[in-house]
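Geometric and topological summary
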Amino acid sequence: MTKDKSNGENSALTGRGIQALTKVPFDSPSWVLKLTIGLIGMFAFLQVYSIQAVLPVLMVDFSATEVQAGMIVGATVMAIAIMSPFLGMLSDAVGRKSFIVGALLFLAIPTALIAQSPSIGWIGMWRFMQGLSVPGITVVTIAYIGEEFGGRAVTELMSFYVSGSVLGGFMGRFLLGHLHEYIGWRAGYYVMAAMTLIGALWVGKMLPSSRHFVANPNFRSAMQTLGEHLTNRYVVTACLLGACVLFSLVGCFTFINLHLAGTPYELGTGALANIFAVYLIGVIITPLSTTLLRRFGAARTVRVAVIFSMLGALLTLVTPLWGIVVGLAIMSSGVFITQAATISYIAVNVTKGRSLASGLYYMAYYTGGTMGAWLCGIVYARGQWPMTVWLLLFVQVLALLVASFGMIKTKPRPA
């Protein structure tokens, strides 16, 4: 009986070994797969920052303060931070594709309900509900890519995912800003909810089912993996860097709207939406970051990107509008390259509990975004845009220190 049991265990081990050996990396993923991964990133972020384009209008409609405006942006970001590790653990237990599609379907509901909001508080609540579903898309997609592909395919697909995320960030702001001028922001949110439903149907049809996912429903094992991640240098470094990155991005692109809506620029929602076209530069630059990562490594790439971003933030202090636009383009490009390098850093260096590791990263990432919306709101109310820029630069210096001292691989010490 013992011998039979031993033979059974050996067979199971052999089966897992064969499964691992049959995981063939795709050096050249199909264009349909690249498009689908990019669309997942786009629809995940279509709603997250769309409200920034109409913040000046909402402040007038609901008599809101700068801090309240920042917090309705931060409401979605806060929910993403809270849910990221938990949805990562749940996905490790039940699967990948179904989670992604289900999260996209759920995201359309609060998006439509924002259109019915009678007050700034209700907008904040529905924005929070949006954020509850986003980690089911973002965290699980990163885990899916890391499990199903290998070699260059991981970095390549990750860059398409980040490019899609960048495009979604732009499209959300651009569409809502222009939709408001034609049909109002309330009707605009109905349009965006319909777009999200279409995206869910596309992903459900085109995304290949998982082939290498192995369920881990053991809660104790998940908690053990969580403990390991909290002391894993790769995970901790990525988390700290991610927090600094989104702090800068949310703080900058939330309150630059208020700055440009005021004197002497006095831009309307359509013009503010056009400003976000600088995001499109990130769509082009992010795939190129794959080449930078291969040639220079994550640490060097991130250090250069953060310095680039700091220079862009400084440029937004100039008076001419064209100078501010150039500064935003430089600043955002540096942030996008940093993000692409950081999530690839996790995918390559973390092999156990990938979804949980991604969840921890996004928890830190969006906690940084929440803090950016809140603290920059306080600073903007006191010192307007110049003081906000100095706060952003302080946080980017912290990111530079993390990249300089945390991302360098060290040889293990001899026992």
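Cut-offs applied
Residues numbered from 1 in each chain as written. Predicted model: local features only at pLDDT ≥ 70, side-chain atom pairs only at ≥ 80, totals over all residues. Heavy atoms only, no water. Helix = DSSP H or I, 4+ residues; strand = E, 2+ residues; numbered from the N terminus. Expected span 1.5 Å × (residues − 1). Buried < 20%, exposed > 50% of the residue type's maximum accessible area, 1.4 Å probe, protein only. Contact = heavy atoms within 4.5 Å. Axes fitted to C-alpha atoms, helices over the stretch in contact; angles between N-to-C directions. Parallel < 35°, antiparallel > 145°, perpendicular 65-115°, else oblique. Left-handed = near helix turned anticlockwise from the far one by under 90°.

1. Some words on helix α6 (residues 120–133)
- Its 14 residues place the ends of α6 21 Å apart at the C-alpha level, agreeing with the 20 Å of an ideal helix rising 1.5 Å per residue.
- All of the buried residues along α6 are Ile-120, Ile-123, Gly-124, Trp-126, Arg-127, Gln-130, Gly-131 and Ser-133.

2. A closer look at the environment of Tyr-49
- Mapped onto the fold, Tyr-49 is located in the loop between α2 (31–45) and α3 (55–61).
- On the accessibility criterion, Tyr-49 (4% relative accessible area) is buried.
- Spatially, the C-alpha atom of Tyr-49 lies 9.9 Å from that of Ile-72, the residues being 23 residues apart in sequence.
- Contact partners of Tyr-49, with chain neighbours within four places excluded, come to Val-77, Arg-127, Arg-173, Leu-246, Val-250 and Tyr-366.

3. Observations concerning the packing of helix α11 (residues 233–261) against helix α14 (residues 321–349)
- Closest axis-to-axis distance for the α11/α14 pair is 10 Å, and the angle between their directions is 160°. Between α11 and α14, the interaxial angle falls into the category roughly antiparallel. Both α11 and α14 take part in a crossing whose hand is left-handed. Touching Tyr-234, Ala-238, Leu-241, Val-245, Ser-248, Leu-249, Cys-252, Phe-253, Ile-256, His-259 and Leu-260 of α11 are Leu-321, Ile-324, Leu-328, Met-331, Ser-332, Val-335, Phe-336, Thr-338, Thr-342, Tyr-345, Ile-346 and Asn-349, all from α14.

4. Structural notes on unusual backbone geometry
- Going from Thr-263 to Pro-264, the amide bond is cis rather than trans, its omega being 5°.
- With respect to the helices and strands, the residue Pro-264 is situated in the loop between α11 and α12 (269–275).
- Phi angles above zero are rare outside glycine, and Ser-63 is one such case at about 50°.
- For Ser-63, the location among the structural elements is in the loop between α3 and α4 (66–94).
- Even without being glycine, Gln-384 reaches a positive phi, approximately 55°.
- Exposure remark for Gln-384: the relative accessible area of 38% places this residue in the partly exposed category.

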